[in-house]
Amino acid sequence: MGLVLETKNINKHFHKPKDFHVLKDISFGVQEGEFVSIMGKSGCGKSTLLYILSTMDTDYTGELYLGDELITGKPQQELSRIRNMHIGFVFQFHYLLSEFSVLENVMLPAKKLAEKSHAEIKHDALEKLKMLHIEHLAEQRASRISGGEKQRVAIARALINNPAILMGDEPTGNLDSHNSENVFTIFKRLTEEQGLSLLVVTHDEDFAKRTNRIIQMEDGRIIS
Amino acid sequence: MINWKVILNIAKTHLLTKMKSTVTAGLGVTFGIAAYITLVSFMTGLNQMLDDLILNQTPHIHLYNEIEPSAKQPVAKYSEFENALNVVHSIRPKRSQKKIHNALPILNYLKKDKNVRGATPQLRAQIFYLSGSIELGGNLVGVDIMEEVRLSNIQDNIVEGTPEALKNNDNGILLGAGLAKKMSLTVGDRVQISTVAGDIFPLKIIGIYQSGIAEIDNIQSFSNLKTVQRILGEAENFVTDINIKLFKITEAPAMAEVLQRQFEIKATDINEANAQFETGSSIRNMITYAVSITLLIVAGFGIYNILNMLIYEKMKDIAILKATGFSGRDVQLIFMSQAMIIGIVGGIFGLLIGFGLSVLIDNVAFETEALPTIKTFPVNYKAMYYIIGFTFALISTFIAGYLPSNKAKRIDPVRIIRGT
Ligand SMILES: Nc1ncnc2c1ncn2[C@@H]1O[C@H](COP(=O)(O)OP(=O)(O)O)[C@@H](O)[C@H]1O
Ligand SMILES: [Mg+2]
């Protein structure tokens, strides 16, 4: 099986307020269908790494590959398209567009991609919602549902374009144990049933132990 | 590749959920455009009316003989005094130089010129209007009335009677309105006129002429050219003025100069005669545009402010859109579309309201003795002003929308998601 994502010697500095070497020689890969978790103390650079991997942050040295393709150095316009097509992202704070309905939130990335008709997109979005057991919320305004539900909507949105990899930055960090368990079960099912690759930053020891592999970080380095 | 459907859908949702700000911003544009349309329609209507009033009464080129002393005095013709210092005191102009010598050849020449729309001969005679024991001094202008109707707005100023009636009556007169009033005469009455030489003629009033300018209406009347020539006892080639209308008014100054040299005659062109008048028009135009542009700039600031606020409120939304694959350009287009939608909708309402106000003004009664043909305020409905107004609205909203939307384009999603 090939690598979905690979980094080679990624280094990053923050220049303000003073020079700070936040990521040091980060080299690793994620296999197709692998469920990987990243752990490490607060401030060790996990989020910073994830932003680079998601192509939103381009201010680094080293190389980032998605599949066999070198991503580093591509223009913004193309990076947006890559994010849209191949990368799903779930944040700690379930960011949804509060003025749109749940269904519209889920459909938006697919509408941007514009590879399918409106009806097909709607069908796909409802499928994802059904899979996450929240199809009854489809017509609700995104601002009117609970935190656990919002996070599931965010996951549905991340999945709508069938990405190569799903990244999460402490996606359960803001949820109670019941909802955390729920989200973990969803992730587990996604890798096992659909062969989706997952890269999830977490503080939760239990959560991490049940993934295929744990990457430990300390002071901007991968230590194991 | 730009996906307009999604972009416009997001823009629409933003505008609808922020209805109050949207309406406020839109109203700014509406007022600016409505004010522009109303002002420009009314102001140019006024200009047009004054143009008609004065310019249309003035020929593009006016040919006449100025009474002035001969530049070359007879003494200069004597060879004996060639090298002497000749001093001539109290030079006076020679009398009766008013006649244009070669009027008929000049008229023929002009009628063949393809820049000339028409040339009409006139004979201005000083006369007295006799009314009982009173003698009123004035002018009688002999004209080719049908040519005048074709080339000038004299028809508008004939408030009673018709030009045809004058043409068909060898003893007819089109009496100045002020004169008719002074002498209590109406159409069908007879008026006695006396020439400077003292001959008295009765003429039949077949119409009343009112230009709106009291100085003219109080002294001037019209008659057929032949009638006036007969009254003065002059031949058929006796003409004092030739009025020329051109196809292109801008050619008047150059042509006047040529004619002046060619025929050794005085030729004034319309621009010379109405130089001050033009300044009035351009000042009115300046006021119109200054007021409208000020209003639109204010409206532009309104849009700028509201979009800035909106973008500040929507930072998170912008970050999410960018994280899920919308490019900076998409985000910019979302906010640009909002500005343009406000501009288009506000602009259309502005045009409608401006049109409504123009119609309202157009129907306000405005009757004045001075302007016999005007019954309501003059308004100029030109499609061009509506096009200019709408373009104004689009340009000002574009500029107002560009700066904030450009800021949105450059927002770094990572910074927003981090929450710093
Ligand atoms: N924009 C920034 N400028 C300077 N330092 C930053 C910036 N963002 C994060 N940092 C610092 O970089 C380090 C790594 O941050 P982060 O990747 O958020 O850590 P983690 O997600 O592992 O808790 C922290 O010490 C943080 O203070
Ligand atoms: Mg973090």
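For every chain, the first residue of its written sequence is number 1, and the numbers climb from 1 along that sequence. Lettering of chains starts at A and numbering of ligands starts at 1, both following the order in which they are written. Note on the predicted model: pLDDT of at least 70 is required for a residue's local features to be given, and 80 or more for side-chain atom pairs to be given and counted; whole-chain, interface and lining totals, by contrast, use all residues. As a rule here, side-chain values come from all non-hydrogen atoms in the structure, and water together with hydrogens is ignored.

**Structural notes on the confidence of the model for chain B**
In predicted models, pLDDT denotes the confidence assigned by the predictor to each residue on a 0 to 100 scale. Taken as a whole, chain B shows an average pLDDT of 85; of its residues, 93% reach a score of 70 or greater. In the model output, the complex is listed with pTM 0.74 alongside ipTM 0.93.

**Quick notes on the site of ligand 1**
In the vicinity of ligand 1 there are 13 residues, among which Gly43(A), Lys46(A), Ser47(A), Thr48(A) and Arg418(B) approach most closely. We call a residue near a molecule or strand as soon as one heavy atom of that residue lies within 4 Å of the molecule or strand. The residues that come close to ligand 1 belong to more than one chain, namely chains A and B. With respect to ligand 1, the backbone of Gly43(A) contributes an N or O atom lying 2.7 Å from an oxygen atom. One of the backbone N or O atoms of Gly45(A) is found 3.0 Å from an oxygen atom in ligand 1. Polar contact criterion, stated in full: a pair of N or O atoms within 3.5 Å, where within protein one must be able to donate a hydrogen and the other to accept it, and residues adjacent in sequence count only if both atoms are side-chain atoms.

**Regarding the interface of chain A and chain B**
Of the residues lining the interface, 23 residues belong to chain A; the matching set on chain B comes to 26 residues. Each partner contributes to the roughly 2,400 Å² buried at the junction of chain A and chain B, and carbon and sulfur atoms together form 61% of this total. Values labelled buried area give the accessible surface lost by two parts on being combined, using a 1.4 Å probe and summing over both. The three residues of chain A that bury the most area against chain B are Tyr95(A), Glu99(A) and Lys112(A), which together make up 28% of that side's buried surface. Definition used for salt bridges: Asp or Glu carboxyl oxygen within 4 Å of a side-chain nitrogen of Lys or Arg. The tally of links between chain A and chain B comes to 2 salt bridges. A salt bridge links Lys112(A) to Asp330(B), with the nearest nitrogen and oxygen atoms 2.7 Å apart. Summed over the shared surface of chain A and chain B, the number is 8 residue pairs in polar contact (both at pLDDT 80 or more). The contact criterion used throughout is that any non-hydrogen atoms of two residues lie within 4.5 Å.

**A few points about the pattern of salt bridges**
Tallied over the entire structure, the rule returns 15 salt bridges over all chains. Linked through salt bridges whose partners overlap, the residues forming this network are Lys12(A), Asp57(A) and Asp59(A).

**A short note on the packing of aromatic side chains**
A pair of aromatic rings is counted whenever rings of Phe, Tyr or Trp (Trp by its six-membered ring) have centres within 6.5 Å, and the orientation is called stacked for planes under 30 degrees apart, edge-to-face for over 60 and tilted otherwise. What the rule picks out here adds up to 17 aromatic pairs over all chains. Between the aromatic rings of Phe35(A) and Phe187(A), the centroid separation amounts to 6.2 Å while the plane-to-plane angle is 85 degrees, which identifies the pairing as edge-to-face. Here Phe35(A) is found in strand β3 (residues 35-40), whereas its partner Phe187(A) is found in helix α6 (residues 177-194), with 152 residues between them in sequence. In this scheme, a residue with accessible area under 20% of its type's maximum is buried, one over 50% is exposed, and one in between is partly exposed, where area comes from a 1.4 Å probe on protein chains only. By relative accessible area, which is 0% here, Phe35(A) ends up buried. Their ring planes at 55 degrees and their centres at 5.8 Å tell us that Phe355(B) and Tyr381(B) sit as a pair that is tilted. Of the two residues, Phe355(B) sits in helix α14 (residues 328-362) while Tyr381(B) sits in the loop between α14 and α15 (383-410), which places them 26 residues apart along the sequence. Here the aromatic cluster, defined as three or more aromatic residues joined through ring pairs, consists of Phe35(A), Phe184(A), Phe187(A) and Phe207(A). The criterion for a charge sitting over a ring is simple: Lys NZ or Arg CZ within 6 Å of the ring centre, and within 35 degrees of the ring normal. The ring of Phe184(A) carries Arg210(A) above its face, with NZ or CZ at 4.1 Å from the centroid. Working definition: helices are DSSP H or I runs of at least four residues, strands are E runs of at least two. Numbering for both runs from the N terminus.

**Things to note about the packing of helix α1 (residues 4-17) of chain B against α14(B)**
Pairs of packed helices are described in terms of their axes, by the angle between the two and the distance that separates them. All names here are of chain B. The interhelical angle for the contact between α1 and α14, taken along N-to-C directions, is 55 degrees, at an axis separation of 9 Å. On the basis of their axis angle, the class for α1 and α14 is oblique. Every pair of crossing elements has a handedness; the one defined by α1 and α14 is right-handed. Judged by residue contacts, Trp 4, Ile 7, Leu 8, Ile 10, Ala 11, His 14 and Leu 15 of α1 engage Asp 330, Leu 333, Ile 334, Phe 335, Ser 337, Gln 338, Ile 341 and Ile 342 from α14. Three classes are used, and their members are as follows: Ala, Val, Leu, Ile, Met, Phe, Trp, Tyr, Cys and Pro are nonpolar, Asp, Glu, Lys and Arg are charged, and the others, Gly among them, are polar. Its residues assigned to classes, the contact of α1 with α14 shows 11 nonpolar, 3 polar and 1 charged. Note on geometry: axes are lines fitted to C-alpha atoms, helical ones only across the stretch in contact, with angles between N-to-C directions running from 0 to 180 degrees. An angle below 35 degrees is treated as roughly parallel, one above 145 as roughly antiparallel, one from 65 to 115 as roughly perpendicular, and anything else as oblique. Left-handed describes a crossing in which the near helix is turned anticlockwise from the far one by less than a right angle; the clockwise case is right-handed.

**Looking at the packing of helix α2 (residues 76-86) of chain A against helix α3 (residues 102-113) of chain A**
Residue and element names in this part refer to chain A. With their axes 10 Å apart at the nearest point, α2 and α3 run at an angle of 125 degrees to one another. On the basis of their axis angle, the class for α2 and α3 is oblique. Note that α2 runs across α3; the crossing there is left-handed. Of α3, the residues touching α2 (which contributes Arg 81, Asn 84 and Met 85) are Pro 109, Lys 112 and Leu 113. Residues belonging to the contact of α2 with α3 are distributed by class as follows: 3 nonpolar, 1 polar and 2 charged.

**Some thoughts on a nonpolar patch on the surface**
Surface patches are defined over residues having more than 30% relative accessible area and no salt bridge, joining like charges when they lie within 9 Å and nonpolar side chains (Val, Leu, Ile, Met, Phe, Trp, Tyr) when within 5 Å. Values of accessible area rely on a 1.4 Å probe in the Shrake-Rupley scheme; residue burial ignores everything except the protein chains shown. Judged by side-chain polarity, Ile344(B), Val345(B), Ile348(B), Phe349(B), Leu352(B), Ile353(B), Leu357(B) and Leu360(B) come together as a nonpolar surface patch covering roughly 710 Å² of accessible area. With respect to the helices and strands, Phe349(B) occurs in helix α14.

**Brief notes about the sheet that holds strand β8 (residues 197-201) of chain A**
All names here are of chain A. Here the rule is simple: two strands pair whenever DSSP picks up at least two bridges between them. Read from one edge to the other, the open sheet built from 6 strands follows the order β6-β7-β8-β3-β9-β10, with strand pairing classed as mixed. The open sheet terminates on both sides in strands that have one partner only, identified here as β6 (87-90) and β10 (221-222). Inspection of the sheet shows β3 paired to strand β9 (residues 213-218) by 5 bridges, in the parallel sense. Residue pairing across strands places Gly 40 opposite Met 217, the latter belonging to β9. Packed on one face of the sheet, α2 meets β6 and β7 (165-169) and runs near 80 degrees to β6. Helix α5 (residues 147-159) contacts β6 and β7 of the sheet and is inclined by roughly 170 degrees relative to β6.

**Considerations on the sheet that holds strand β2 (residues 20-31) of chain A**
All names here are of chain A. Pairing within the open sheet is antiparallel, and its 4 strands lie in the order β2-β1-β4-β5. Edge positions in the open sheet fall to β2 and β5 (69-70), since each of these has one partner strand only. As paired strands, strand β4 (residues 61-66) and β5 are joined by 2 bridges and run antiparallel to one another. The residue bridging Leu 66 from the neighbouring strand is Glu 69, located in β5.

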